[in-house]
Amino acid sequence: MTQKFDVVVIGAGPGGYVAAIKAAQLGLKTACIEKYQDGEGKLALGGTCLNVGCIPSKALLDSSWKFHEAQDGFAVHGINHAGVTMDVPAMIGRKSNIVKNLTGGVAGLFKSNGVTVLQGHGKLLAGKKVEVTGPNGVEVVEADNVILASGSRPIDIPPAPVDQKIIVDSTGALEFQEVPKRLGVIGAGVIGLELGSVWSRLGAQVTVLEALDTFLMAADTAVSKEALKTMTKQGLDIKLGARVTGSEVQGEEVVVKYTDANGEQSITFDKLIVAVGRRPVTTDLLASDSGVDIDERGFIFVDDYCATSVPGVYAIGDVVRGLMLAHKASEEGIMVVERIKGHKAVMNYDLIPSVIYTHPEIAWVGKTEQALKAEGVEVNVGSFPFAASGRAMAANDTGGFVKVIADAKTDRVLGVHVIGPSAAELVQQGAIAMEFGTSAEDLGMMVFSHPTLSEALHEAALAVNGGAIHIANRKKR
Ligand code: FAD
Ligand code: AMP
């Protein structure tokens, strides 16, 4: 007999698994279809984020930062650090254990919430039927509502075909068993910079080839300038305006050709990471008569509420327009399920924080100063450097600053940009303030614990109207 559900979700990444849990919590009979298998051939839930994305990359960033600190950051504290070595397979093993714990955790959450897991490839047919091709054959299930959450995968470029040995994508770059001597990274986006940083801290000589002339275009200019300066100082050779045009694997190395302002260049690496972005996964996801439209860039077409062109069929996360971030995927999943239940949930797309987990960390929420100026909005800006923060000094981590941008007429906070220690956590405080329409003055009047890094946000908010205490104010009251 055909199994029938209130909600069927295709894909168990942070979009799909969160949607499935929420649906079950709200009393809907829910199934989630997932096909991904781990290195041991076992079904692994959690999608890109848990298996080969957010979590494993942060595990390696944290391990490599500790090694870097042990080598170069301890002496100043009076800690004798002679003879520190790195066991790369142990680091990779730790990362894999974290992944296993978390993906197993999702399976546990599915069980405790009563979500049915259907292992296999899901394909949407006409009439909200879904075909599941799994290890035991083909099954068709029916649903009142279907949520497509099939995510994304790395973009391949013809000049650098991935072989996962010498030329790898982000997944391969999480599995190196030794530190490459010369590492190339194509693309100075978030993933390229994070993975480049991991291996650079462990001793690789890293060159990043970026086609654009502008570094971190989405970030506030003050932040991207500071980031480029610091990362270059850390040893990343970031070549802007360098477009990769070809590559040739020669034995254990790869010769990469690129063009820059001086013409054709070539450079040799031991490993090359291709990190030029990600594209939506819709392969064999939609039957030709499913009725779901795809936009011109290959994303599933949805409205502001993630509804597709077929009533009762929704799409969320990386497979639809917008930022390719785990928290965006999850919140879209929650919104869709709430709406299925008849609640009027909406998502505030203007306040999705972006984070780059390099060191210093980079994070922002809201608009950049350049974007606001381009829109003709008059703004007041306050900045506070971590060099003036007692807590940052105590931690010997004083690079970067917090920048708060407020509307000059209303004083409402329109953007918070942080480069420095715990930027990701600090920016979330900005996001909370902005969600409630807080003014810079209100933020400045709040009591912040001392000594904390958060005080830098407090002081930057005060500086917006010339009221900072621990630095000279550029703007006078
Ligand atoms: P995915 O996580 O891609 O999950 C989709 C799932 O659907 C997959 O498990 C796939 O196997 C399954 N699937 C696809 N098609 C089918 C089908 N037909 N049938 C059955 N199953 C199917 N984001 C952040 O917010 N913070 C970070 O720090 C961060 N770091 C990252 C680091 C790296 C190296 C990478 C690659 C990504 C990172 N991201 C980060 C991005 C983040 O991983 C994605 O935005 C997020 O995973 C998207 O979630 P999703 O649910 O839309 O899709
Ligand atoms: P993101 O989309 O943020 O992951 O960043 C990917 C980066 O890769 C973008 O900044 C692109 O400009 C860059 N990129 C894409 N193709 C090439 C190429 N052939 N050579 C160098 N950089 C590239």
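Every chain is numbered on its own, with residues counted from 1 as its sequence reads. Whichever chain is written first becomes A and whichever ligand is written first becomes 1, with later ones labelled in order. Since the coordinates come from a predicted model, pLDDT governs what is reported: local features require at least 70, and pairs of side-chain atoms require 80 or more to be given and counted, while whole-chain, interface and lining totals use all residues. With hydrogens and water excluded, all non-hydrogen atoms of the structure serve as input to the side-chain values.

### Here we look at the sheet that holds strand S12 (residues 243-250)
Alright, step 1. Any two strands are treated as partners once DSSP identifies two or more bridges connecting them. Each helix is a run of DSSP H or I of at least 4 residues and each strand a run of E of at least 2, with the numbering of both proceeding from the N terminus. One open sheet accounts for 3 strands, arranged S12-S13-S14; its pairing is antiparallel. Each of the sheet's edge strands pairs with one partner strand only, and the pair in question is S12 and strand S14 (263-269). Taken over all neighbouring pairs, the strand axes of this sheet differ in orientation by 20 degrees on average, direction set aside.
Alright, step 2. Alignment of strand S13 (residues 253-260) against S14, held across 7 bridges, turns out to be antiparallel. Among the inter-strand pairings, Tyr258 is bridged to a residue of S14, identified as Gln265. For helices, the fitted line uses only the C-alpha atoms of the stretch in contact; every axis is such a line through C-alpha atoms, and the angle between N-to-C directions lies from 0 to 180 degrees.

### Quick notes on the layout of surface pockets
Alright, step 1. Grid points spaced at 1 Å over the protein atoms alone were grouped into cavities, where a 1.4 Å probe fits but cannot get out, and pockets, open sets with protein on both sides within 12 Å along at least five of seven lines, with lining residues defined by an atom within 4 Å of a point. Grid points are joined across faces, edges and corners, and a volume is the space filled by probe spheres set on the points. Each pocket or cavity is described by its volume, and for the second largest pocket that value is around 890 Å³.
Alright, step 2. Taken together, 32 residues make up the lining of the second largest pocket; nearest its centre are Trp65, His359, Pro360, Asp397 and Pro421.
Alright, step 3. Secondary-structure elements contributing two or more residues to the lining of the second largest pocket are helix H3 (54-73), helix H6 (221-233) and helix H10 (423-435).
Alright, step 4. Looking at which element gives the most residues to the lining of the second largest pocket, the answer is H3, with 8 residues.
Alright, step 5. Residue polarity follows a fixed list, in which Ala, Val, Leu, Ile, Met, Phe, Trp, Tyr, Cys and Pro are nonpolar, Asp, Glu, Lys and Arg are charged, and the others, Gly among them, are polar. Within the lining of the second largest pocket, the residues separate by chemical class into 9 nonpolar, 11 polar and 12 charged.

### With respect to the nonpolar core
Alright, step 1. The biggest cluster of nonpolar side chains holds 36 residues, and the ones touching the most others in it are Leu183, Trp199, Phe215, Leu216, Met231, Ile273 and Ile362.
Alright, step 2. Listing elements by their share of this core, those giving two or more residues are H3, helix H4 (88-113), strand S9 (182-186), helix H5 (190-201), strand S10 (205-210), H6 and strand S19 (361-366).
Alright, step 3. At 4 residues, the largest contribution of residues to this core is made by H5.
Alright, step 4. By the convention used here, residues are in contact when the closest approach between their heavy atoms is within 4.5 Å. When neighbours within four sequence positions are excluded, Met231 is seen to be in contact with Leu193, Phe215, Leu236, Ile238, Thr358 and Ile362.
Alright, step 5. Throughout, nonpolar core names a set of buried Ala, Val, Leu, Ile, Met, Phe, Trp, Tyr and Cys residues whose side chains join them through atoms within 4.5 Å. Here's how the labels work: a residue is buried when its accessible area is under 20% of the maximum for its type, exposed when over 50%, partly exposed in between, all with a 1.4 Å probe on protein chains only. Counting 31 residues, the second largest nonpolar core, distinct from the first, contains Val7, Ile147, Ile340 and Met347.

### Here's the deal with the UniProt feature "domain: Pyridine nucleotide-disulphide oxidoreductase dimerisation" (unreviewed entry) in the protein
Alright, step 1. UniProt positions are given in the numbering used here, feature names are shortened, and annotations may be inferred rather than shown by experiment. Mapped onto the present numbering, the UniProt feature "domain: Pyridine nucleotide-disulphide oxidoreductase dimerisation" (unreviewed entry) falls at residues 352-461.
Alright, step 2. Each end of residues 352-461 is marked by a C-alpha atom, and these two atoms are 20 Å apart; helix forms 35% of the span and strand 28%.

### With respect to the pairing of strand S20 (residues 379-385)
Remember that side chains alternate between the two faces of the sheet whenever the strand is regular.
Alright, step 1. With respect to burial, S20 is a largely interior element, 5 of its 7 residues being buried.
Alright, step 2. In this sheet, strand S21 (residues 401-407) lies alongside S20 in antiparallel orientation, the contact comprising 7 bridges. Its bridge partner being in S21, Gly382 is matched across the sheet by Val404.

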